[in-house]
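# Results of the structural survey
Single-letter residue listing:
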Amino acid sequence: MAKLTVIKGDITLQEVDAIVNAANTSLLGGGGVDGAIHLAAGPGLVDACKKLNGCATGEAKITEGFRLQSQYVIHTVGPVWHGGNDNEELLLSNAYHSSLSLAVRYGVRTIAFPNISTGVYGFPKHLAAQIATETVQRFVDEHPSAIDEVRFVCFDEENYNLYNDLIA
Ligand code: ADP
């Protein structure tokens, strides 16, 4: 059965099979965690992303990790928060689920997620953490031997505390 773990830190430094990027639909790079991942991976990453023809919200695509410690980067697109009546909760859950499904297809056994949509996309952090942990727990319950660890990498104290309370 997979372990769900929580740390405070920088996702680009994680030694896991795959890290997840909170990308935008173009997949051509951006700010926040996306910018940090592209900077750490080097220019090979944007070249690989250019071949993917973007990614719809709630879906996921995969590339190599280039200069990162992780073999793969899984690029997913979380929803922009528009107040909660625009399918945001389902789309956020889909982003986690699509990332995990793709990970399993590539034999990924350890995976790290950032707190998708909780930066410039403005998703309320408490609700996002609830959706993330519930979606991941349900996935690992349904695929009990597929993954060894799902790590939630929190960059800010607020998310770190929220995830610790939910995982405890
Ligand atoms: P989104 O557009 O999905 O909101 P952001 O990159 O703005 O994406 O923020 C998503 C989350 O990633 C935020 O909680 C932000 O604090 C966090 N974050 C930013 N840089 C890093 C990093 N290097 N490692 C892990 N998390 C990060």
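Relevant structure appears above.
Structure report, in brief. Counting restarts for each chain, with residues numbered from 1 along the sequence as it is written. Where totals are concerned, whole chains, interfaces and linings use all residues; where local detail is concerned, this predicted model gives features only for residues with pLDDT of at least 70, and gives and counts side-chain atom pairs only at 80 or more. Side-chain measures here rest on the full set of heavy atoms in the structure, leaving out hydrogens and waters.

### Side note on the environment of Leu100
Applied cut-off: The secondary structure listing takes helices from DSSP runs of H or I that are at least 4 residues long and strands from runs of E that are at least 2 residues long, numbered from the N terminus. Only protein chains enter the area calculation, which uses a 1.4 Å probe; residues under 20% of their type maximum are buried, those over 50% are exposed, and those in between are partly exposed. When checking whether two residues touch, look at their non-hydrogen atoms; a contact exists if any pair is within 4.5 Å.
For Leu100, the location among the structural elements is in helix 3 (residues 88–105). Using a relative accessible area of 0% as the deciding quantity, one classes Leu100 as buried. Residues Leu100 and Ala146, spaced 46 residues apart in sequence, show a C-alpha to C-alpha distance of 9.8 Å. Among residues more than four places away in sequence, those in contact with Leu100 are Ile111, Phe113, Val136, Phe139, Ile147 and Val150.

### A short note on the side chain of Thr63
Selection criterion: Polar contacts here mean pairs of N or O atoms no more than 3.5 Å apart (in protein, one a potential hydrogen donor and the other a potential acceptor; neighbouring residues in sequence count only if both atoms are side-chain atoms).
With respect to the helices and strands, Thr63 occurs in strand 3 (residues 60–64). What makes Thr63 buried here is its relative accessible area of 7%. Among the polar contacts made by the side chain of Thr63, one reaches the side chain of His75 at a distance of 3.0 Å. Leaving out residues up to four positions away in the same chain, Thr63 has contacts with Leu45, Ala48, Cys49, Leu52, Gln71, Tyr72, Val73 and His75.

### Digging into the nonpolar core
The cut-off we apply is this: Throughout, nonpolar core names a set of buried Ala, Val, Leu, Ile, Met, Phe, Trp, Tyr and Cys residues whose side chains join them through atoms within 4.5 Å.
Counting residues in each nonpolar core, the largest one holds 34 residues, and the members touching the most others are Ile74, Tyr96, Ile111, Phe113, Val136, Val150 and Phe152. Considering every element that reaches this core, the biggest residue donor is helix 4 (residues 125–142), with seven residues. With residues near it in sequence (within four places) discarded, Tyr96 still touches Phe113, Pro114, Asn115, Ile116, Ala132, Thr135, Val136, Phe152 and Tyr163.

Everything listed is a geometric property; what it means functionally is a separate question.
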